Amino acid sequence: MRVLVSGGAGYIGSHTVIRLVQAGHDVVVVDDFSNSKPTVIARLEGLTGIRIPVHVVDLTDVDKTEQVFAHEQIDAVIHFAGFKAVGESVAKPLEYYQNNLDSTFSLLRAMRRHGVHTLVFSSSATVYGAEPVLPMTEDSPTSATNPYGWTKVMIEQVLRDVAASDDALRIAALRYFNPVGAHPSGQIGEDPSGIPNNLMPFVAQVAVGRRESLSVFGDNYPTPDGTGVRDYIHVDDLAAGHVAALERLVAVDPGLSVWNLGTGKGVSVLEVIKAFERASGRDIPYQIAPRRAGDIAASYADPTRANTELGWYATKTIDDMCADTWRWQSSNPNGYPD
Ligand code: WQD
């Protein structure tokens, strides 16, 4: 299939582009480079050996988005593009609602105009809200504690209703747990701008000497070692999950299909630190800090539905995730060049 990948120069999008090409699909990237760099495309072309068409478009522009479909024969869409920083969404709710919803509306309108019936949407375990029952299953109730999370809940509802209105449509929402790691080549990886919000990139920057030490946000949670527990999933496993969902959609009933993409295992902050020290051979200095507002004690998936319906399984361990992250970060200490 010829697949339009929105946000294809981003962290998860770029890894998915590689998996799509390896699976024999054609890709067209749409990215406005607001949270990624053109260098990523050059790295992808080097890794895949093919030229990757890129349209630099703000997806909230309905006309410009439709123009991409007019110029490219698109068979399916994987929609990654969107603002995704929880803290920033609290400070800028209007920008988050407008950007994340309008970009989705533009894509859905262009798909309808050009007869494209297959869509995979990048959702998130954040839709399970503040007090999830563990392990989270796709039938768990959804809610949110911040505007970013609400955009994911709302977009899933839009997709459910749009899919119900047109039985030609087959749409998947993939709920990621905590994506980490990097392509084994070390050439692409997570490159947050500014101070990393998330644990793994922050730890990697401490290991490579860009940050002095890590603040562990709380060690008095009701977890085995008192620190936060999360279901970390390797970004390459996540990318494989997108290809599996895309290819499964041609055979499922019309409507919205929802799949958790997680390992089903919880790992604590202190366990991540120890794993990263093993992988990098570097000491990760840390200090215990107060809990971060909005954090939950533990989050991990029940991935049974993705395992049985997609034939997809997470394959990589936390040690693999740290080793691949370290290879990326040590090869690119300051991330991607401009
Ligand atoms: C993981 C653990 C922190 C940083 C977020 C978003 C979620 C999704 C994934 C988009 C927690 C602890 C972290 C640090 C720390 N993103 N931590 N020191 O919060 O589980 O999920 O990213 O979909 O929507 O909410 O990930 O990596 O920020 O935190 O101790 O400097 O590490 O308290 O226990 P989180 P995270």
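Rules of the game
Residues numbered from 1 in each chain as written. Predicted model: local features only at pLDDT ≥ 70, side-chain atom pairs only at ≥ 80, totals over all residues. Heavy atoms only, no water. UniProt positions renumbered as here; feature names shortened; annotations may be inferred. Helix = DSSP H or I, 4+ residues; strand = E, 2+ residues; numbered from the N terminus. Rg over C-alpha atoms; globule rule 2.2 N^0.38 Å. Buried < 20%, exposed > 50% of the residue type's maximum accessible area, 1.4 Å probe, protein only. Salt bridge = Lys/Arg side-chain N within 4 Å of Asp/Glu carboxyl O. Domains from an automatic or database assignment. Contact = heavy atoms within 4.5 Å. Buried area = accessible area lost by both parts, 1.4 Å probe. Pairing = 2+ DSSP bridges. Axes fitted to C-alpha atoms, helices over the stretch in contact; angles between N-to-C directions. Parallel < 35°, antiparallel > 145°, perpendicular 65-115°, else oblique. Left-handed = near helix turned anticlockwise from the far one by under 90°. Nonpolar A, V, L, I, M, F, W, Y, C, P; charged D, E, K, R; others polar. Near = heavy atom within 4 Å. Polar contact = N/O pair within 3.5 Å; in protein donor to acceptor, adjacent residues only side chain to side chain.

Taking an unreviewed UniProt entry as the reference, the protein is identified by name as UDP-glucose 4-epimerase belonging to Gordonia desulfuricans. UniProt, in the comment section headed Subunit (unreviewed entry), describes the protein in these words: "Homodimer." Quoted straight from UniProt, the Sequence similarities (unreviewed entry) entry for the protein says "Belongs to the NAD(P)-dependent epimerase/dehydratase family."

Asks: Even after reading the chapter, I still don't get the overall build of the protein, so can you show me in this structure?
Replies: Per the secondary structure count, the protein includes 11 helices and 13 strands. A compact globule built from 338 residues would reach a C-alpha radius of gyration of about 20 Å, and the protein, at 19 Å, matches this within 12%. For the C-alpha atoms alone, the extent of the protein along its principal axes is close to 55 × 40 × 40 Å. Among the 338 residues that make up the protein, the fraction classed as buried is 54%.

Asks: Can you walk me through the pattern of salt bridges in this structure?
Replies: Think of it this way: side chains of opposite charge can pair up when their charged atoms draw near. Applying the stated criterion to the full structure yields 12 salt bridges. Lys316 is the salt-bridge partner of Asp236, the closest N and O atoms lying 3.4 Å from each other. Taken together, the residues span a long stretch of sequence, with Asp236 in helix H8 (residues 235-249) and Lys316 in the loop between helix H10 (304-310) and helix H11 (318-331) at a distance of 80 residues. Relative accessible area serves as the criterion here: at 8%, Asp236 is assigned to the buried category. Several salt bridges share partner residues, and in doing so they unite Arg19, Asp236 and Lys316 into one network.

Asks: Sorry if this is basic, but what is going on with the UniProt feature "domain: NAD-dependent epimerase/dehydratase" (unreviewed entry) in the protein here?
Replies: As recorded in UniProt, the feature "domain: NAD-dependent epimerase/dehydratase" (unreviewed entry) lies at residues 3-262. Overall, residues 3-262 shows 39% helix and 18% strand. The separation of its end C-alpha atoms is 24 Å.

Asks: Would you mind showing me how to read the domain arrangement of the protein here?
Replies: The parts lose accessible area when they come together, and the size of an interface is often stated as this lost area. Assigned domains of the protein: these are domain 1 (2-181 + 232-264) and domain 2 (199-229 + 265-307 + 317-331). Computed from C-alpha atoms alone, the centre-to-centre distance between domain 1 and domain 2 is 25 Å. Listed as interface residues are 23 residues of domain 1 and, on the opposing side, 21 residues of domain 2. Carbon and sulfur atoms supply 61% of the area buried between domain 1 and domain 2, which totals about 1,900 Å² over both sides. If you look at where domain 1 meets domain 2, you find two salt bridges.

Asks: Is there a simple way to think about the pairing of strand E5 (residues 118-124) in this case?
Replies: Regular strands have side chains that alternate between both faces of the sheet. Most of E5 sits inside the fold, with seven of its seven residues counted as buried. Both faces of E5 are covered, namely the face carrying Thr118, Val120, Ser122 and Ser124 and the face carrying Leu119, Phe121 and Ser123. Direction of pairing for strand E4 (residues 76-79) relative to E5: parallel, over a ladder of three bridges. Bridge pairing in E5 links Val77 to Leu119. Two elements, E5 and strand E6 (residues 170-176), share seven bridges in a ladder whose sense is parallel.

Asks: How should the packing of helix H7 (residues 199-207) against helix H9 (residues 269-280) be read in this particular structure?
Replies: The axes of two packed helices give the description: the angle between them and the distance between them. Two numbers describe how H7 lies on H9: the axes approach to 11 Å, and their chain directions differ by 40 degrees. Regarding the angle of H7 to H9, the classification is oblique. For the pair H7 and H9, the sense of crossing is right-handed. In contact with Leu199, Met200, Val203, Ala204 and Ala207 of H7, H9 contributes Val269, Val272, Phe276 and Ser280. When grouped by side-chain class, the residues that make up the contact of H7 with H9 number eight nonpolar, one polar and no charged.

Asks: Please clarify how H7 should be interpreted in this entry.
Replies: Count 3.6 residues to each turn of an α-helix, and residues three or four apart come out pointing the same way. In terms of residue burial, H7 counts as a mostly covered element, since nine of its nine residues are buried. Three or more residues of H7 are buried, namely Leu199, Met200, Pro201, Phe202, Val203, Ala204, Gln205, Val206 and Ala207. Residues of H7 that are buried sit in contact with strand E7 (178-180), strand E8 (214-217), strand E10 (232-234), H9 and H11. Note on H7: the residue one or two positions beyond its end, Gly209, has a positive phi of about 95 degrees.

Asks: Would you take a moment to explain the packing of H7 against H11 for this structure?
Replies: Following both chains from N to C, one finds H7 and H11 inclined at 55 degrees, their axes separated by 10 Å at the closest point. The orientation of H7 with respect to H11, classified from their angle, is oblique. Both H7 and H11 take part in a crossing whose hand is right-handed. The segment H7 lies against H11, with Met200, Pro201, Ala204, Gln205 and Ala207 engaging Ile318, Cys322, Thr325, Trp326 and Gln329. In the contact of H7 with H11, the residues fall into seven nonpolar, three polar and no charged.

Asks: When you look at the site of the ligand in this model, what are you seeing that I'm missing?
Replies: In the neighbourhood of the ligand, 18 residues make up the surrounding shell, with Tyr148, Leu199, Ser215, Arg230 and Asp295 lying closest. Between the ligand and the protein, one listed contact pairs an oxygen atom with a backbone N or O atom of Phe217 at 2.9 Å. Among the elements that line the shell around the ligand, the one with the most residues is E8, at four residues. When residues of the shell around the ligand are assigned to domains, at least three fall in each of domain 1 (2-181 + 232-264) and domain 2 (199-229 + 265-307 + 317-331).

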